[in-house]
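# Descriptive analysis of the structure
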Amino acid sequence: MIFHDKRCIPKSRGPGIICAALWLLTTTTASAESRQEMLFFTSVDTFDSFSESDPGVEDAFVRGTLDLLYSYSTDRFRFLAEYLLSSDEAELERLKAGWAWRDNAMLWFGRTHTTSKHWTSEYHHGQYLQTSITRPSLEEWEDESGPIPSHVTGLSLDVRHELADGASLNYVIGAGMAPSFGSEGLEAFDVLDPRSGNGLSVNFKLAYRPRAFEPLQFGVISAINEMDVESESSPALADLRQIDQFTIGVFVDWQWKKLRLISSFVHLDNDLEYVDETVNDSFDLGYVQLEYQPNDDITLFGRSDNGFGEDWSPYLRLLPAFISHRHMLGLRWDFADTHALTVEIADTAQQSDAGDHEYFKEWRLQWSAVF
Amino acid sequence: MPGLRHILLLTAAFVLLPCNARAERQVVLVTGDSCPVREVSSLDVRKAYLGVTVSVDGRRLRPIRLIGDEMLSSIFYQSVVHMSRKSYERRALSLALKYGTPRLEMVDSVDDAAQAVRGRECGVVYMWKDDVDRLSGIKTVRLLWQGE
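It should be emphasised that the depicted structure is a prediction, and the values quoted were computed from it without experimental measurement.

## Observations concerning the overall build of chain A
Per the secondary structure count, chain A includes 2 helices and 18 strands. Pairs at least 24 apart in sequence give 57% of the contacts found in chain A among residues at least 6 apart. As displayed, chain A has an accessible area near 16,500 Å², and 60% of this comes from carbon and sulfur atoms.

## Things to note about the interface of chain B and chain A
On the side of chain A, 39 residues touch chain B, which itself brings 27 residues to the contact. Of the roughly 2,700 Å² buried between chain B and chain A on both sides combined, carbon and sulfur atoms contribute 45%. Counting across the chain B and chain A interface gives 7 salt bridges. Between glutamate 162 of chain A and lysine 47 of chain B there is a salt bridge; the shortest N-O distance is 3.0 Å. For the side of chain B that touches chain A, the secondary structure elements donating two or more residues are α2 (42–49) and α4 (85–99) of chain B. Among the elements that make up the side of chain B that touches chain A, the one with the highest residue count is α4 of chain B (10 residues). Within the side of chain B that touches chain A, the residues separate by chemical class into 10 nonpolar, 5 polar and 12 charged.

## Describing the pattern of salt bridges
Inspection of every chain in the model, using the stated rule, returns 31 salt bridges over all chains. A salt bridge links arginine 332 of chain A to aspartate 334 of chain A; its shortest N-O distance comes to 3.0 Å. Comparing arginine 332 of chain A with aspartate 334 of chain A, the two get one shared label, buried. The partner of aspartate 131 of chain B in a salt bridge is arginine 134 of chain B, and the shortest N-O contact between them spans 3.7 Å. Placement of the pair is aspartate 131 of chain B and arginine 134 of chain B together in helix α6 (residues 129–134), with a separation of 3 residues, close to one helical turn. Taken together, the salt bridges that share partners define one network made up of Arg303, Asp305, Arg326, Glu362 and Arg364 of chain A.

## Digging into the state of the cysteines
Residue and element names in this part refer to chain B. Within the structure shown, the criterion is met by 1 disulfide over all chains. Put simply, cysteine 35 and cysteine 122 are joined by a disulfide, and their sulfur atoms are 2.2 Å apart. Judged by the sign of its S-S torsion, about 90°, the bond between cysteine 35 and cysteine 122 is right-handed. With cysteine 35 in the loop between β1 (25–32) and α2 and cysteine 122 in the loop between α5 (110–119) and β6 (123–128), the pair connects residues that are 87 residues apart, well separated along the chain.

## Considering the sheet that holds β6 of chain B
Residues and elements named next belong to chain B. Here we have 5 strands laid out as an open sheet, ordered β5-β4-β6-β1-β7, and mixed in their pairing. Of all the strands in the sheet, just β5 (105–107) and β7 (138–147) have a single pairing partner and so form its edges. For this sheet, the mean angle separating the axes of adjacent strands, direction not counted, is 30°. Pairing of β1 with β7 involves 8 bridges; the strand directions are antiparallel. Bridge assignment links valine 30 to a residue of β7, and that residue is threonine 140. Across the sheet, α2 is in contact with β1, β4 (62–66), β6 and β7; its angle to β4 comes to roughly 75°.

## Observations concerning the nonpolar core
Residues Tyr49, Leu66, Val81, Tyr88 and Met127 of chain B are the most contacted members of the largest nonpolar core, which totals 46 residues. When residues of this core are traced back to their parent elements, those giving at least two are β1, α2, β4, α3 (70–80), α5, β6 and β7 of chain B. Apart from the residues lying within four places of it in its own chain, the contact partners of tyrosine 88 of chain B are Tyr49, Leu50, Arg65, Phe76, Tyr77, Val81, Met83 and Leu104 of chain B. Ile148, Leu285, Phe322 and Val370 of chain A belong to the second-largest nonpolar core, a separate cluster that totals 37 residues.

## Brief notes about α5 of chain B
All names here are of chain B. Among the residues of α5, Val110, Ala113, Ala114, Ala116 and Val117 are the ones counted as buried. Angular distribution of buried residues about the axis of α5 spans 160°; they occupy a single face of the element. Looking at α5, the residues exposed on the side facing more than 90 degrees away from the buried face are Gln115 and Gly119. Lining the buried residues of α5 we find β1, β4, β5, β6, α6 and β7.

## A short note on the pairing of strand β5 (residues 105–113) of chain A
Residue and element names in this part refer to chain A. Burial analysis of β5 places 7 of its 9 residues in the buried class, which makes it a mostly covered element. Bridge analysis of strand β4 (residues 90–102) against β5 gives 6 bridges, and the strand direction is antiparallel. Its bridge partner lying in β5, lysine 96 is registered against glycine 110. The hairpin turn running from β4 into β5, its antiparallel successor, is 2 residues long.

## Some details on the side chain of histidine 125 of chain A
All names here are of chain A. Relative to the assigned elements, histidine 125 resides in the loop between α2 (118–123) and β6 (151–162). You can call histidine 125 buried: its relative accessible area is 12%. Reaching out from histidine 125, the side chain makes a polar contact with the side chain of glutamate 93 at a distance of 2.9 Å. When near neighbours in sequence (up to four residues on either side) are disregarded, histidine 125 contacts Phe41, Asp67, Glu82, Leu84, Glu93, His113 and Trp141.

About the thresholds
Residues numbered from 1 in each chain as written. Chains lettered and ligands numbered in written order. Predicted model: local features only at pLDDT ≥ 70, side-chain atom pairs only at ≥ 80, totals over all residues. Heavy atoms only, no water. Helix = DSSP H or I, 4+ residues; strand = E, 2+ residues; numbered from the N terminus. Contact = heavy atoms within 4.5 Å. Areas by Shrake-Rupley, 256 points an atom, 1.4 Å probe, with all protein chains shown as cover. Buried area = accessible area lost by both parts, 1.4 Å probe. Salt bridge = Lys/Arg side-chain N within 4 Å of Asp/Glu carboxyl O. Nonpolar A, V, L, I, M, F, W, Y, C, P; charged D, E, K, R; others polar. Buried < 20%, exposed > 50% of the residue type's maximum accessible area, 1.4 Å probe, protein only. Disulfide = S-S within 2.5 Å. Pairing = 2+ DSSP bridges. Axes fitted to C-alpha atoms, helices over the stretch in contact; angles between N-to-C directions. Core = buried A, V, L, I, M, F, W, Y, C linked by side-chain atoms within 4.5 Å. Arc of directions from axis to C-beta. Polar contact = N/O pair within 3.5 Å; in protein donor to acceptor, adjacent residues only side chain to side chain.

None of this, on its own, says anything about what the molecule does.
In structure tokens form, the structure reads like this:
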């Protein structure tokens, strides 16, 4: 059993607590049947863009990504760790332990992805499982100028009810440490540095599935996030102390024969608490992605990411790289069981910090796979 | 002419009997003799193979997939989980990604399948009924499919 390995002995307190908890849980559940699983979600992306606002601006990159997922399960206990390694970053994305006190209910503890963002809670970092290369801007990660926290460290309760007509109702409620806000935008709570100060996040998702075991679902998502501001990290944040964010939205994932619709719209209400005043800022963000699958291997898709009332948002001006509008078309080819090649072209508007938008066109090509 | 009638009937029987024998294939769900479960509903079989925890008579079912037989696998996708192969495999990956739900244990041969269910408390696996008849220590708990 890997958690008995001496390499688990930590150098700092954070991992030590995690290792001890895992050792305790895995040994106390040793009598139950256990299973382990390791998955590698991998992808290579190329990206190129040309700015309309400033024709001299050109950007391009090639990025390789490996998302490593490990899970350990017994009848009542589960452990999951997700570690992302790319040419840009290396980060422990999720680290959580769960206890199922009955068959359809699980209590999780640890660092998780928020449930209040539908795409995020469905695909996490499993690039191969999402049809498109890009994520909707509403669903972007903290370090990609995402406007809503993606990572929460604390407790979450996941319960599924089977209804009499073959439908099911699933609700997830989580509470824990929210990200803070620094010079680069949101910064997730560092599970390996528990002494860093962070506010509270409470997030919620309610999903209804008309047929319990099929992907069709729709529902409501909501969150309350208190984000402490690292005022000293940037002159733009000097007088800002805290951002209180409330979000509420809806989502749908619907399939009809060869067509699929995945969409979410969220209302954001932010209170920016400066030293001498509180500025209220509210706007809406959403996306609609439509997919057409003429056969098992080919998928044509398009997505429109839009903001409503966000143009002069003081909150989004703190996130100048946020993509407020993207209109995208793409084609995906699935081959060899678990490989895919995807191409996307898009007309994109970035928020920018000057109140107007930075327009550019982009194209992307990606190979993704899972092993 | 009774003699001619008998000859015609016998000829017809010789022609039809092998056809009927080929037509009557069945796929069943089996578990080990030591498992007290006597019958599992179709819905519970489907749920178990879709990664949902299923308990019958207080015993948790532990599904195993037999993947060595292409026709058996096709019947599994169409008649047990009611999904295309691709949709089923994606669902298994999605559950692993979202919840850490381990994908089901897979075996290649009937003998390995029988050994696996005998070795696990209420392990269940689907196989041809013809194979069940020649194996010991396992019992049928559900007829899953019948046809040509």
